[in-house]
Amino acid sequence: SIRNQKRLDYSACCAAAHSVDGSSQQRLVVGGRTGAVMVYSDMELLWAARLPGPPATLGVHRFGQQPGLLLSLLYDGTTTLSYLGTTPPPPGAVGAAESKQLNYEAMDAEHRRLLGIIREASTTRPEPAGGISLRAEVPLRCDERGSGEGAEELPALTVRLMAAHSGVAPADDVSMVASCAPPLFLAADHIVLPPLIAGDPPAAVPLVFRARPDELPVDLSATVVVNYSAGGELRCASCELRLPLRLVADPVEPLKTSGFRLTIETNRPPLPLGGLFEDMVVDAASAAAEGAALSIVYGCGLDATVLASKKERGRYRVCSSRFEGLWLLTDELVRRLRAHGEGEAGASDGGFAVWYEDSLPLREYFEAIDDHLASRRALVDAKAELEQRARQLRAVEKRLLVQLKRLPIPPLHLGSEEALFTHPRCGSRTGCLHRSQASRRCSRAVTTSSSS
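Residues numbered from 1 in each chain as written. Predicted model: local features only at pLDDT ≥ 70, side-chain atom pairs only at ≥ 80, totals over all residues. Heavy atoms only, no water.

Trainee: Explain the packing of aromatic side chains to me, please; I cannot follow it from the model alone.
Mentor: When we look at a pair of aromatic rings, we describe it by the centre distance and by the angle of the planes. Under the definition given, this model contains two aromatic pairs. Note on Tyr365 and Phe366: the rings are 5.8 Å apart at their centroids and 55° apart in plane angle, and the pair reads as tilted. Overall, the relative accessible area of 47% leaves Phe366 in the partly exposed class. (Phe/Tyr/Trp six-rings, centres within 6.5 Å; stacked < 30°, edge-to-face > 60°. Buried < 20%, exposed > 50% of the residue type's maximum accessible area, 1.4 Å probe, protein only.)

Put into structure tokens, the structure is as follows:
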């Protein structure tokens, strides 16, 4: 008969009863779905513990001289042996702790030793003399275009990087890594060099840079880092280089652009653009060579023009048919003006200065951000529609296969079946191809707007 009954507030998966040593009292061990183990005596909860997982079965046994060990088998096959609680110490085992005499001299010696280790680790060690020095030879003109396919058709620029070692110990495990901002890329961005020895001629490493024509460039800088080991120490050397504007743009006849414009002012007389952009006016028209105007066209088709004023105070106007086409030519113009102004000596009005006085074109800037977000939304919608059409096409193909299997004789023509694929509500192959092309166009629009 049932003597007591208790409703558990958790889901139990197994239970086991065991007797307490030396008495007839029974205790109940219950395992829960969460891995918890509850030990009950009558209706009272005596102990709770947690296993690595929910147990499939439980048991309390004696192992050796130790009674009361909980044996559990988990659902993943793991067997655990648990000891719940601690055994009380025998009487008289715990005595008064003997007082320990403190050794202050040993404590001071340990403290001084630790302070010396900390001081030695925090002291900045001088950089060892010698090492690998990098020097980049950047040409102003691009290489001749190849006649191959793919990347071989793109304009390329070969930069020679000279690596020389001047240390005492040879440089081993020399690894060179180069990086640049898209759409610029390298034919090989990771190069392993042989060991470098002091006194040997510098090692010349060619780095071939190319530019994808469907994207607008935003930065012409590149970074080269060399990692090596010398005398058992890991060291590194880096080099920053600037790629020529001719890699991503071509000079054209001066254009009359009335779209977007910026005005840059300086405290020096205007410089002739023919001398400022000597690498760009080699094949340009005579008007650009005289210094009145210079127009370029990027690989993606955008144009940009810089005009120099004829007044005493140097003023330059950068124009483009699109707002995003202003940045690269403006940045290149300011860099070249500063390089020319810092090279001058004996100026009576102080150092060279360049500034922008007009209000910031925030409206055009926010419009460019809105165009980018709209392109991303269009790309998401195009991918979702393409996935829907592809799912419809797979369903139609499965139905067609089922119908063909039911036919006793294979049909000689598939005119009626092909009508399934061209039905406007069944997601045809042509519709999938159209959606795939639209997705590619949206992806290119996102890439173009992200670089603006």
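Resuming the write-up.
Trainee: What is the right way to look at the side chain of Thr330 in this model?
Mentor: Structurally, Thr330 is set in helix α4 (residues 327-342). Here Thr330 is in contact with Leu262, Ile264 and Val318, once residues within four sequence places are set aside. (Helix = DSSP H or I, 4+ residues; strand = E, 2+ residues; numbered from the N terminus. Contact = heavy atoms within 4.5 Å.)

Trainee: In this structure, what is going on with the sheet that holds strand β14 (residues 221-230)? I would like to understand it.
Mentor: To summarise the sheet geometry, strands pair through backbone hydrogen bonds and adopt either a parallel or an antiparallel arrangement. The four strands are arranged β12-β10-β14-β15 in an open sheet whose pairing can be described as antiparallel. Looking at strand neighbours, the two that pair on one side only are β12 (190-193) and β15 (233-242), the edges of this open sheet. Here the strands of the sheet are splayed against their neighbours by 15° on average, with no regard to which way each runs. Taken together, the ten bridges between β14 and β15 define a ladder with antiparallel strand orientation. Bridging from a neighbouring strand, Val225 pairs with Ser238 of β15. (Pairing = 2+ DSSP bridges. Axes fitted to C-alpha atoms, helices over the stretch in contact; angles between N-to-C directions.)

Trainee: Even after reading the chapter, I still don't get the pairing of strand β18 (residues 293-298), so can you show me in this structure?
Mentor: For a regular strand, side-chain orientation follows a simple rule: the groups alternate between the two sheet faces. A large share of β18 lies buried, amounting to five of its six residues. For strand β16 (residues 249-252) and β18, the ladder comprises four bridges, and the chain directions are antiparallel. Within β18, the residue paired with Val252 across the bridge is Ser295. In this structure, β18 lies alongside strand β19 (residues 303-308), joined through five bridges in antiparallel fashion.

Trainee: I tried to follow the sheet that holds strand β5 (residues 55-63) on my own but got confused; where do I start?
Mentor: Spatially, the three strands line up as an open sheet ordered β5-β6-β7, and their pairing is antiparallel. At either end of the open sheet lies a strand with only one pairing partner, and these are β5 and β7 (79-83). When strand polarity is set aside, the average angle formed by the axes of neighbouring strands in this sheet is 25°. Strand direction decides the pairing type here: strand β6 (residues 66-74) and β7, joined by five bridges, are antiparallel. In the sheet register, Leu71 faces β7, and the bridge partner there is Leu81.

Trainee: Any chance you could explain helix α1 (residues 104-122) here in plain terms?
Mentor: Given 3.6 residues per turn, any residue in an α-helix points the same way as the ones three and four places further on. Over its 19 residues, α1 extends 27 Å from the first C-alpha to the last, a length consistent with the 27 Å expected when each residue adds 1.5 Å. Between a side-chain oxygen at the N-terminus of α1 and the backbone nitrogen of Glu105 the separation is 3.4 Å; the capping residue is Asn103. (Expected span 1.5 Å × (residues − 1). Polar contact = N/O pair within 3.5 Å; in protein donor to acceptor, adjacent residues only side chain to side chain.)

Trainee: Before we go on, may I ask you to explain the pattern of salt bridges in this structure?
Mentor: Applying the stated criterion across every chain, the model contains 15 salt bridges. Arg242 serves as the salt-bridge partner of Asp219, at 3.4 Å between the closest nitrogen and oxygen. Residue Asp219 is located in the loop between β13 (203-211) and β14, and its partner Arg242 is located in strand β15; the two are separated by 23 residues in the primary sequence. For Asp219, a relative accessible area of 27% corresponds to the partly exposed category. The residue Glu332 makes a salt bridge to Arg242 at a minimum N-O spacing of 3.0 Å. With a gap of 90 residues between them, Glu332 in helix α4 and Arg242 in strand β15 connect regions that are remote in the sequence. Take Glu332: its relative accessible area is 6%, and that puts it in the buried class. Given the relative accessible area of 23%, Arg242 is considered partly exposed. (Salt bridge = Lys/Arg side-chain N within 4 Å of Asp/Glu carboxyl O.)

Trainee: Looking at this structure, how should I read the pairing of β6?
Mentor: With seven bridges connecting them, β5 and β6 associate as antiparallel partners. What sits directly across from Val60, in β6, is Leu70. A loop of two residues connects β5 with β6, the two strands running antiparallel in sequence, and Gly64 in this loop sits at a positive phi of about 70°.

Trainee: Would you take a moment to explain the environment of Tyr228 for this structure?
Mentor: Note on placement: Tyr228 falls in strand β14. Note on Tyr228: relative accessible area 3%, which makes it buried. Tyr228 sits 58 residues away from Pro170 along the chain, and the two C-alpha atoms are 9.8 Å apart. Those residues in contact with Tyr228 that lie beyond four places of it in its chain are Gly131, Ile132, Ala171, Asp172, Asp173, Val174, Glu233, Leu234, Arg235, Cys236 and Ala237. There is a polar contact of 3.2 Å between the side chain of Tyr228 and the backbone nitrogen of Ile132.

Trainee: Is there a simple way to think about the environment of Asp358 in this case?
Mentor: Of note, Asp358 is situated in the loop between β21 (354-355) and α5 (362-406). Residue classification places Asp358 among the partly exposed positions, given a relative accessible area of 44%. Taking the C-alpha atoms as reference, Asp358 lies 8.2 Å from Leu262; in sequence the two are 96 residues apart.

Trainee: Help me understand a nonpolar patch on the surface, please; the structure alone is not making it clear to me.
Mentor: Taken together, the side chains of Leu360, Leu362, Tyr365, Phe366, Ile369 and Leu373 present a nonpolar region at the surface, about 590 Å² in accessible area. Among the secondary structure elements, Ile369 is positioned in helix α5. (Patch = residues over 30% accessible without salt bridge, like charges linked within 9 Å, V, L, I, M, F, W, Y side chains within 5 Å. Areas by Shrake-Rupley, 256 points an atom, 1.4 Å probe, with all protein chains shown as cover.)

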